[in-house]
Amino acid sequence: MSIPLNLRRLRRYFSPHWPVAVATATAHSAFEIVDLLVPYATGQLLNVLSGQPVDRLTGAAIASISRTFDLDSSRGLSLGVLMGAIFLISVVRAPLQPWISTWFYWAIPLKARGDRHGDAIAKILTLPLEFYDSNNPGRIASRIARGLESHLWTYPEIIGQLVPKLLRVAGIFAVMLAIDWRVAVPFAISFVAAMAMSLLKLKTIIRREQKIDSYRENTDSLTSELITNIKTVKAFATEQREYERQRRRLARESFSFVNRIHFDYTMLTTQLRALIQTSYFGILAIAVWAAATGQISPGYFVTLMTIANMGYAELEPMSVIAEVTARRYASIERFHEFLETPGGLDRDAIALDAPAVPTAADGPRFDGEIRFRDVDFGYDPDRLVLQDFDLLVRPRETLALVGHSGSGKSTLVKLLFRYFDPTAGAIEIDGRDLRDLDIAAYRRRLAIVHQEVDVFNGTLLSNLRYGNPTATEAEIARACAIACVDEFLDTLPDGLQTVVGERGLRLSGGQRQRLGIARALLVNPDVLIFDEATSSLDSESELAIQRAMREILGTRTTIAIAHRLSTIREADRIVVLDQGRIVEVGNHHDLLDRGGTYSRLYRLQGNSEFY
């Protein structure tokens, strides 16, 4: 019989801790069942004290002890044996049980949380880029955090409490059945009815919890956007509008929790308590009648009522555990859905568990000849961005790509990094199809400077060395000189050791851009790509970088995407794109002389018009 999907997920989550979990759950359940001997021994004590005979099981145990130790089978021996049994069960067991239950029931989920948190980080690193187009950091972080916490708290409740309690109730039923089946059968029927009522109601509540969890995830996503875009909010003075939007979302969320989900839980508790009290009164009536008619002894009456009370007392905590689990079920499921999201093309190629962290120096080097061979590609299969695209980039050539937004420039870069594979055709480097290469080793031989440079919350030095942790001081100094980072180093409080803040907020846009250029140069890549790399720089810095970058020309294959055409005058060739096709190819002067698309765009920018 196959295991339901959610149980398979839970089993996988706590792997490889299941052997210890089963052993500890079994030991804890045994303690819970042995605990039932206390009311049994108490009932037999009452019989001895009232002059009633003990039952056959107790009588046989006392007789065996009497023979073994050559003692008289007196009233004192019976009291001593029964008191000794209660002492062993209650006093001796007390200091042992926490190590069987509390220690392991928290050690296992804490270790599993570390394991699965690592899995979540691995998933973040191997998901395709398009996943992040529709899921912002707030949404992803919220799903991971709530999923991990829900697993952490649910494990000790289910394995540490629910399972032992169920076995304890089974033991109670067995004891009742041994004493009087007329009490045991009604107890079992009422208990099963109460559990069935709880599960049916919780099934409905879980569906509502799943909807509200998705809603809460969207709310967290919007909160994350507010934090990310707080400068824009303040610049447009829209604080009140954003506050009202979030307040309305939170009000709808609160209404659903209070008037639907919380109401359902309260109604379930009301029904459950009414059923428990009615059932207990029925058991009491049956036991009183049996004792009054002499069918059971006073000791058995006390035992029955004590364990019946213990059994029904377990029902409400079990219902609470089920309720809390239901509240967490949605976040648990969404966490597993995240872990099961298909990874990107590189998911199998990136060795996250490698014994040593590879660097750009590891793996093969390339001459840098790039060939786009009859490439077709579209994010939507019915709308191609590139069609029959054919282009050869020669080794150590500096090639510029220009064109209107949507002409396919950035798509070419994404294909070159193999974030996507072409729908048709092939992309080759040094005559080898990218699909035949180790994708991680290949990407380490490339470097890119984006229009918006990503900066980590660390020191300037750690950001510079991000792609090459072993870069020497001399290499860092040269890269900083080329990218004009050295021009603002003296203005920073701690120089290279200055902490730049989250997303580099302590740096200006131009400073972040220069940092990105220096970081790319430190990798010493075979192919260097500039995606609007000088767009955030002032004219003076741009000219300085253009002069310095002349040192790079001819040393490696360089591809530059540019809107500001003044930045690509030195390119060996300029490729003009329009709707995914090449419309012009040539150097700066040739294209100006032709009077075509490039010439028109250049004249527009020369007249200070934006493009």
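Residues numbered from 1 in each chain as written. Predicted model: local features only at pLDDT ≥ 70, side-chain atom pairs only at ≥ 80, totals over all residues. Heavy atoms only, no water.

Draft legend 1. Local environment of the overall build of the protein. Within the protein, the regular secondary structure consists of 21 helices and ten strands. Relative to the 2.2 N^0.38 estimate, which gives 25 Å for 611 residues, the radius of gyration of the protein is 37 Å and therefore markedly larger than a compact globule would have. For the protein, the C-alpha atoms occupy an extent of roughly 120 × 55 × 50 Å along the three principal directions. Burial status across the protein gives 46% buried among its 611 residues. A sequence separation of at least 24 residues applies to 76% of the contacts in the protein between residues at least 6 apart. For the protein, the accessible area works out to roughly 31,500 Å², and carbon and sulfur atoms hold 58% of it. The averaged location of the 70 negative side-chain charges in the protein is 6 Å from the averaged location of its 69 positive side-chain charges. (Helix = DSSP H or I, 4+ residues; strand = E, 2+ residues; numbered from the N terminus. Rg over C-alpha atoms; globule rule 2.2 N^0.38 Å. Buried < 20%, exposed > 50% of the residue type's maximum accessible area, 1.4 Å probe, protein only. Contact = heavy atoms within 4.5 Å. Areas by Shrake-Rupley, 256 points an atom, 1.4 Å probe, with all protein chains shown as cover. Lys, Arg positive; Asp, Glu negative; His and termini not counted. Charge placed at Lys NZ, Arg CZ, Asp CG, Glu CD.)

Draft legend 2. Examining the sheet that holds strand β4 (residues 424–429) more closely. With antiparallel pairing, the four strands of this open sheet are ordered in space as β2-β1-β4-β5. Only two strands of the sheet have a single partner each, and these edge strands are β2 (386–393) and β5 (432–433). Examined bridge by bridge, β4 and β5 share two bridges and lie antiparallel to one another. When the bridges of β5 are listed, Ile429 appears paired with Arg432. Contacts from helix α13 (residues 409–416) reach β1 (370–377), β2 and β4, with the element oriented near 115 degrees to β1. (Pairing = 2+ DSSP bridges. Axes fitted to C-alpha atoms, helices over the stretch in contact; angles between N-to-C directions.)

Draft legend 3. Inspection of the pairing of β1 at higher detail. Two strands pair when backbone bridges link them, and β1 and β2 are joined in this way by five bridges, in the antiparallel orientation. Bridge pairing in β2 places Phe372 opposite Leu391. As judged from the five bridges shared by β1 and β4, these two strands associate in the antiparallel manner. Counted as the bridge partner of Arg371 is Glu428 from β4.

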